[in-house]
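Structure assessment
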Amino acid sequence: EAGVAQSPRYKIIEKRQSVAFWCNPISGHATLYWYQQILGQGPKLLIQFQNNGVVDDSQLPKDRFSAERLKGVDSTLKIQPAKLEDSAVYLCASSFTSGTHEQFFGPGTRLTVL
Amino acid sequence: AQSVTQLDSQVPVFEEAPVELRCNYSSSVSVYLFWYVQYPNQGLQLLLKYLSGSTLVKGINGFEAEFNKSQTSFHLRKPSVHISDTAEYFCAVSDGYSSASKIIFGSGTRLSIRP
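The text that follows walks through the structure, step by step, so that each part is easy to find. As the structure is a computational prediction, the values presented were derived from the model and not from experiment. (Residues numbered from 1 in each chain as written. Chains lettered and ligands numbered in written order. Predicted model: local features only at pLDDT ≥ 70, side-chain atom pairs only at ≥ 80, totals over all residues. Heavy atoms only, no water.)

The next point concerns the overall build of chain B. The secondary structure content of chain B amounts to zero helices and twelve strands. When the helices and strands of chain B are placed in sequence order, the string is β-β-β-β-β-β-β-β-β-β-β-β. The C-alpha atoms of chain B give a radius of gyration of 14 Å, which matches the 13 Å a tight globule of 115 residues would have. Principal axes of the C-alpha set define a box for chain B whose edges measure 45 × 30 × 20 Å. (Helix = DSSP H or I, 4+ residues; strand = E, 2+ residues; numbered from the N terminus. Rg over C-alpha atoms; globule rule 2.2 N^0.38 Å.)

Shown next, in the form of structure tokens:
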């Protein structure tokens, strides 16, 4: 079974530029999560999708971050414009159903904002 | 509100020695507890989970954890570690199984194994 795929693995941009990350969840997984993991901290949930609907985006900085999951499969997370404090690893995870069913994580995208 | 505290940011141990990684949680409702492992440059992988039943939970790679409700703890243990156990370990808590439930992660404990 293929795991959660993410691209790119690494991205370096300058502040005020825009960037987009892509995630393809495990086939059949209805729930998709985007997390931000700042160095030295645990992952923090940014947004959770159930199929193509948003379940929770309470911690997403909506003035600069946006995410979509068209057709309920893969998803993109965008930052526009980026700030220095956005430097982090962005993790995508998926699960068969929502709630506390096991989440499967992708390898992450390491973003560096200069 | 839920929270998780991992008391040690780094734990160095010698190979084949036992290890305990400490985790305390706070929650006003029933809890579901997890330990995840993150190897360098990889995503998180579930080690074990406590949902209900026996308070001693066994996971992959020889790890186990004990749920202690009175002490609000969920410490992770392994009787003999290997070099390959070098990784970051995250304790996490969730309050339920509904679509509104989400997992709150601790800040992580970096386990380094010395030969």
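The rest of the description comes next.
Turning our eyes to something else, we now look at the layout of surface pockets. Taken as a whole, the largest pocket encloses approximately 520 Å³ of empty space. Lining the largest pocket we find 26 residues, and of these Gln37, Leu39, Val89 and Arg110 of chain A together with Gln38 of chain B sit closest to its centre. Elements with a minimum of two residues in the lining of the largest pocket: strand S9 (88-95) and strand S11 (109-113) of chain A together with strand S10 (87-94) of chain B. When residues in the lining of the largest pocket are grouped by element, the largest group, four residues, is from S11 of chain A. (1 Å grid on protein atoms, 1.4 Å probe; cavity = no way out; pocket = protein on both sides within 12 Å on 5 of 7 lines; lining within 4 Å. Points joined across faces, edges and corners; volume = space filled by probe spheres on them.)

In terms of nonpolar packing, the biggest core is built from 28 residues, with Trp35, Leu48, Leu76 and Tyr89 of chain B touching the most fellow members. For this core, the secondary-structure elements that each account for two or more residues are strand S2 (10-14), strand S3 (19-21), strand S5 (32-38), strand S6 (44-50), strand S8 (64-68), strand S9 (73-78), S10 and strand S12 (109-114) of chain B. When residues of this core are assigned to their parent elements, the largest contribution, four residues, is made by S10 of chain B. Judged by nonpolar contacts, the second largest core, of 21 residues, contains Leu77, Ile79, Ala82 and Val113 of chain A. (Core = buried A, V, L, I, M, F, W, Y, C linked by side-chain atoms within 4.5 Å. Buried < 20%, exposed > 50% of the residue type's maximum accessible area, 1.4 Å probe, protein only.)

Take the state of the cysteines next. In this structure the tally under the stated criterion is two disulfides over all chains. Note that Cys23 of chain A is cross-linked by a disulfide to Cys92 of chain A, the S-S spacing being 1.9 Å. With the S-S bond torsion at -70°, the cross-link from Cys23 of chain A to Cys92 of chain A turns out left-handed. Here Cys23 of chain A is found in strand S3 (residues 19-24), whereas its partner Cys92 of chain A is found in strand S9, with 69 residues between them in sequence. Both residues of the pair, Cys23 of chain A and Cys92 of chain A, count as buried. Residue Cys23 of chain B pairs covalently with Cys91 of chain B via a disulfide, S to S 2.0 Å. (Disulfide = S-S within 2.5 Å.)

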